[in-house]
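What follows is the residue order along each chain.
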Amino acid sequence: MSDEQKTSAPAASPTGASRMWGGRFAGGPAAIMQRINASIDFDRRLYAQDIRGSKAHCRMLVAQGVLAAEDGDAILAGLDRVAQEIERGEFAFRVELEDIHMNVEARLAELIGDAAGRLHTARSRNDQVATDFRLWVRDAIDGMDRALAGLQAALIDRADEHAGTVMPGFTHLQAAQPVTFGHHLMAYVEMVGRDRGRLADARRRLNECPLGSAALAGTSFPIDRHATAAELGFERPTANSLDGVSDRDFALEFLSSASICAVHLSRLAEELVVWTSAQFRFVGLSDAFTTGSSIMPQKRNPDAAELVRAKTGRVIGDLAALLVAMKGLPLAYSKDMQEDKEPVFEAADTMELAIAAMTGMVRDMRVNAQAMAAAAGAGFTTATDIADWCVRALGMPFRQAHHVAGRLVKLAEDKGCGLEDLSLAEMRIVEPRLTDEARAVLSVESSVASRTSFGGTAPERVREAVADARRRWSGPAAP
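Residues numbered from 1 in each chain as written. Predicted model: local features only at pLDDT ≥ 70, side-chain atom pairs only at ≥ 80, totals over all residues. Heavy atoms only, no water.

Peer 1: Account for the overall build of the protein, with residues named and values stated.
Peer 2: When its secondary structure is counted, the protein shows 19 helices and six strands. In terms of overall size, the protein is more extended than a compact globule, its C-alpha atoms giving a radius of gyration of 31 Å where 479 residues would be expected to give roughly 23 Å. With the C-alpha coordinates of the protein rotated into their principal frame, the extents come out at 100 × 55 × 40 Å. Expressed as a percentage of the 479 residues in the protein, the buried residues total 50%. Long-range contacts, defined as pairs at least 24 residues apart, comprise 74% of the intrachain contacts of the protein with a sequence gap of at least 6. Of the side chains in the protein, 55 bear a positive and 65 a negative charge, and the two mean positions are spaced by 2 Å. (Helix = DSSP H or I, 4+ residues; strand = E, 2+ residues; numbered from the N terminus. Rg over C-alpha atoms; globule rule 2.2 N^0.38 Å. Buried < 20%, exposed > 50% of the residue type's maximum accessible area, 1.4 Å probe, protein only. Contact = heavy atoms within 4.5 Å. Lys, Arg positive; Asp, Glu negative; His and termini not counted. Charge placed at Lys NZ, Arg CZ, Asp CG, Glu CD.)

So, in structure tokens, the structure goes:
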């Protein structure tokens, strides 16, 4: 985006220079320059925000006496016509006009004549694009928040359904302690909640309007930036004109929040890949979210989960791309910043698809409670329970109790059985004071039920967490 102001509609001059910025130039750009300079192939996605910002700017100029009312009426009607043409697919985007701003204004000039050239009074493409982009990112955040709320709702519903379904909990992907499947899913509800909070916080910070900053120094026209900001739903105008046109930290913050969210999605995606394997069989996915093999007829591949997992790299790459593009740029605007939109557009599109796919898989998955329960006790997962019993019932220091539990594990391992399969007599070889009460804590159901601390996996706590989550996340996320 150029930082030059213009007062007439763009057109080719007799010498070949563009009237958009061609007063300083005798000739037109080389073909390769036109290709590298143009952004219309991607920034056409800003058309709704661009027209919305132009209409607000127009109304403000009329209110301030900078623009005649009749010109303002013509401009507003013409902008409505342009919007309709774009929405109907009838608008001819022209690469030689570089960007969405000049394409809209050129068509406006064709529709209403010279009055179109007055619209650009007291603004630059620099503050125009900064405003459009903030509006677009704000809309993208709102859309992503709604999608994440849907994912949370799916997770909460399934957690409620499986508040008492026992499964193994893992550390290092090794069986650690029994948990419930509902508790496991509620962990992702919390992650997604923080993702929504980060997006809400980013939205609050970006909600300042750059329009009126002009190219970099503000304008000598008697504009009302507060009125324009209010009409566009911004909380306030940006406080510094240099900063208003030159920073893209709002886009970086959106990409950062999206990247963290994508990492969370990838973790759940990975678990779905593992859980659907023949070795686990914890869940199954229907034909809607799996594919087959061209050579192995028995295969049902969790491709949707794998692709969600893979797309995380794309979103992180978008963040890295914009960080590098912005690094070291002096104030104020530089053409490097034209590279800000494609990473944001791609990340938003990618996240929209990934969240929708994950929500679908969570609602679609069939839970194999028997396989989960069978695996919950494997790997001596209740060893901590016997150690805790020794602390409570025998007054042992935990380190000594840990040693007792470890010796019991070794005994069961040597016998090729589970802890719960040891007889009391065998257990008393390790610790003579053990009782039948000690043996009772070794079932996975007893283990899970005992974890009643706040945030624990006991089914009663999971149900409380579900009810609390429904209340906490019933509306838009708050920063």
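Peer 1: Give me the packing of helix H10 (residues 249–275) against helix H11 (residues 303–326): which residues, what numbers.
Peer 2: With their axes 8 Å apart at the nearest point, H10 and H11 run at an angle of 160° to one another. Classed by the angle they form, the pair H10 and H11 counts as roughly antiparallel. Viewed along their axes, H10 and H11 form a crossing whose handedness is left-handed. Of the residues belonging to the contact of H10 with H11, the class tally is 17 nonpolar, four polar and four charged. (Axes fitted to C-alpha atoms, helices over the stretch in contact; angles between N-to-C directions. Parallel < 35°, antiparallel > 145°, perpendicular 65-115°, else oblique. Left-handed = near helix turned anticlockwise from the far one by under 90°. Nonpolar A, V, L, I, M, F, W, Y, C, P; charged D, E, K, R; others polar.)

Peer 1: Describe unusual backbone geometry, naming the residues involved and giving the relevant values.
Peer 2: A cis amide bond links Leu331 to the next residue, Ala332, at an omega of 5°. Considering the arrangement of structural elements, one finds Ala332 in the loop between H11 and helix H12 (341–364). A positive phi angle, near 55°, is found at Arg281, a position not held by glycine. Take Arg281: it is sitting in the loop between H10 and strand E5 (283–284). For Arg281, a relative accessible area of 47% translates into the label partly exposed.

Peer 1: Give me the packing of aromatic side chains: which residues, what numbers.
Peer 2: Tallied over the entire structure, the rule returns seven aromatic pairs. Taken together, Phe133, Trp136, Phe250 and Phe345 form an aromatic cluster joined through their ring pairs. Stacked on the ring of Phe234, the Lys or Arg Arg138 has its end atom at 4.8 Å from the ring centre. Stacked on the ring of Phe133, the Lys or Arg Lys341 has its end atom at 5.6 Å from the ring centre. (Phe/Tyr/Trp six-rings, centres within 6.5 Å; stacked < 30°, edge-to-face > 60°. Lys NZ or Arg CZ within 6 Å of the ring centre and 35° of its normal.)

Peer 1: Tell me about the pairing of strand E1 (residues 166–171), and name the residues and values.
Peer 2: Bridge analysis of E1 against strand E2 (residues 174–180) gives six bridges, and the strand direction is antiparallel. Following the sheet pairing, Pro168 is matched in E2 by Pro178. With antiparallel pairing between neighbouring strands as the criterion, E1 and E2 make up a hairpin whose turn holds two residues, including His172 at a positive phi of roughly 60°. (Pairing = 2+ DSSP bridges.)

Peer 1: I'd like a description of the nonpolar core, backed by residues and values.
Peer 2: Judged by nonpolar contacts, the single largest core of 95 residues is most densely connected at Val137, Leu151, Leu155, Phe254, Val344, Met351 and Met358. For this core, the leading source of residues is H10, giving 15 residues. The residues touching Met358, leaving out its near neighbours within four places in the chain, are Leu151, Leu265, Leu268, Ala269, Leu272 and Val308. (Core = buried A, V, L, I, M, F, W, Y, C linked by side-chain atoms within 4.5 Å.)

Peer 1: Could you give me a rundown of the environment of Val179, with the residues and numbers involved?
Peer 2: Examined against the element boundaries, Val179 turns out to sit in strand E2. It is 71 Å that separates the C-alpha atoms of Val179 and Gly113, two residues lying 66 residues apart in sequence. Setting aside residues up to four positions removed in sequence, Val179 forms contacts with Thr165, Val166, Met167, Pro168, Gly169, Val448 and Thr457.

Peer 1: Hey, could you go over the pattern of salt bridges for me, with residue numbers and the actual values?
Peer 2: One pass over the full model with this rule turns up 39 salt bridges. Of the charged contacts, one joins Arg44 and Asp41 as a salt bridge, the two residues approaching to 3.9 Å between their closest N and O atoms. The partly exposed category is assigned to Arg44, whose relative accessible area is 32%. A residue is classified by how much of its surface remains accessible, and Asp41, at 61% relative accessible area, is exposed. (Salt bridge = Lys/Arg side-chain N within 4 Å of Asp/Glu carboxyl O.)

Peer 1: Can you tell me about helix H13 (residues 369–376), naming the residues and giving the values?
Peer 2: Listing the buried residues of H13 in full gives Ala371, Met372 and Ala376. Along the axis of H13, the buried residues cluster in a sector spanning 135°; they form a single face. Away from the buried face of H13 by more than 90 degrees, exposed residues Gln370 and Ala374 are located. In this structure, the buried residues of H13 make contact with E1, E2, helix H7 (181–206), E5, strand E6 (366–367) and helix H18 (444–450). (Arc of directions from axis to C-beta.)

Peer 1: Outline the side chain of His57, listing residues and values.
Peer 2: Tracing the chain through its elements places His57 in helix H3 (residues 47–63). Overall, the relative accessible area of 1% leaves His57 in the buried class. Excluding its chain neighbours within four sequence positions, the residues that come into contact with His57 are Leu119, Thr121, Ala122, Arg123, Leu211 and Thr228.

Peer 1: I'd like to hear about the state of the cysteines, residue by residue, with values.
Peer 2: Scanning the entire structure with this criterion turns up zero disulfides. For the unlinked cysteine Cys417, the closest cysteine sulfur is that of Cys390, found at 17 Å. Among the residues examined, Cys417 registers a relative accessible area of 19% and is labelled buried. (Disulfide = S-S within 2.5 Å.)

Peer 1: Any details on a nonpolar patch on the surface? Residues and values, ideally.
Peer 2: A contiguous nonpolar patch, built from Ile32, Met33 and Ile36 and spanning about 330 Å² of accessible area, is present on the exposed surface. Along the chain, the position of Ile36 falls in helix H1 (residues 31–37). (Patch = residues over 30% accessible without salt bridge, like charges linked within 9 Å, V, L, I, M, F, W, Y side chains within 5 Å. Areas by Shrake-Rupley, 256 points an atom, 1.4 Å probe, with all protein chains shown as cover.)

Peer 1: Please give an account of the side chain of Arg134 that cites residues and values.
Peer 2: Its location among the elements puts Arg134 in helix H6 (residues 125–161). The buried charged residue Arg134 lacks any salt bridge partner; its closest oppositely charged side chain belongs to Asp249, at an N-O distance of 4.9 Å. The residues touching Arg134, leaving out its near neighbours within four places in the chain, are Arg205, Leu206, Glu208, Pro210, Phe234, Thr238 and Phe250.

These results come straight from atomic positions and should not be treated as a statement about function.
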